[in-house]
Amino acid sequence: MIVHSLSEGRPAPPSVTETIVDAVSEAEDCDPLTLPPLWNVIDPEALDALFEPTRGGRPRTGRVSFVYAGYEITVDSTGEAAVAVSVEPVA
């Protein structure tokens, strides 16, 4: 399982969708551009919006799981400053 954390401490944390594509390309040891488009399985803009801070700047909470490119992707936010993205091969 590969887990990536999006940290608010960085100057410009990557989006959830960028992190997913990077994690899967790392797991597959391939160029991200060779992966199938993420939008074939989920709306990337909607996914990013789900985990953006609220208008008041507070982190959102929630969990979303789906299958992409042979991996189960789970995006999880407990309301802390980071969002975790885990990537695990589908059995």
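Going by the structure above, here's the rest.
The text that follows walks through the structure, step by step, so that each part is easy to find. (Residues numbered from 1 in each chain as written. Predicted model: local features only at pLDDT ≥ 70, side-chain atom pairs only at ≥ 80, totals over all residues. Heavy atoms only, no water.)

So, on to the side chain of Asp48. When you line up the elements, Asp48 lands in helix α2 (residues 44-50). Despite its burial, Asp48 pairs with no opposite charge; the closest candidate is Arg60, at 11 Å N-O. A polar contact is formed between the side chain of Asp48 and the backbone nitrogen of Val16, at a distance of 3.2 Å. If sequence neighbours within four positions are ignored, Asp48 has contacts with Ser15, Val16 and Thr17. (Helix = DSSP H or I, 4+ residues; strand = E, 2+ residues; numbered from the N terminus. Buried < 20%, exposed > 50% of the residue type's maximum accessible area, 1.4 Å probe, protein only. Lys, Arg positive; Asp, Glu negative; His and termini not counted. Salt bridge = Lys/Arg side-chain N within 4 Å of Asp/Glu carboxyl O. Polar contact = N/O pair within 3.5 Å; in protein donor to acceptor, adjacent residues only side chain to side chain. Contact = heavy atoms within 4.5 Å.)

Glancing now at the environment of Phe66. Take Phe66: it is sitting in strand β2 (residues 61-68). Residue classification places Phe66 among the buried positions, given a relative accessible area of 12%. Sequence spacing of Phe66 and Val41 is 25 residues, and the spatial spacing of their C-alpha atoms is 8.0 Å. Aside from chain neighbours lying at most four places away, what touches Phe66 is Ile20, Leu38, Val41, Ile42, Leu47, Tyr71, Glu72 and Ile73.

Let's shift gears to the nonpolar core. Counting 18 residues, the largest nonpolar core has Val16, Ile20, Phe66, Tyr68, Ile73 and Val75 as the members making the most contacts within it. Going through the elements one at a time, α1 (16-28), β2, β3 (71-78) and β4 (82-89) are the ones with two or more residues in this core. Ranked by the residues each element gives to this core, the list is headed by α1, at five residues. Residue contacts for Ile73: discarding those within four places in its chain leaves Ile20, Val24, Val64, Ser65, Phe66, Tyr68, Val85, Ser86 and Val87. (Core = buried A, V, L, I, M, F, W, Y, C linked by side-chain atoms within 4.5 Å.)

Here the focus is the pattern of salt bridges. With the rule as written, the count across this model stands at one salt bridge. A salt bridge links Asp76 to Arg63; the shortest N-O distance between them is 3.5 Å. Taken as a pair, Asp76 in strand β3 and Arg63 in strand β2 lie far apart in primary sequence, 13 residues in all. Exposure remark for Asp76: the relative accessible area of 24% places this residue in the partly exposed category. On the basis of relative accessible area, Arg63 is assigned to the exposed category, the value being 58%.

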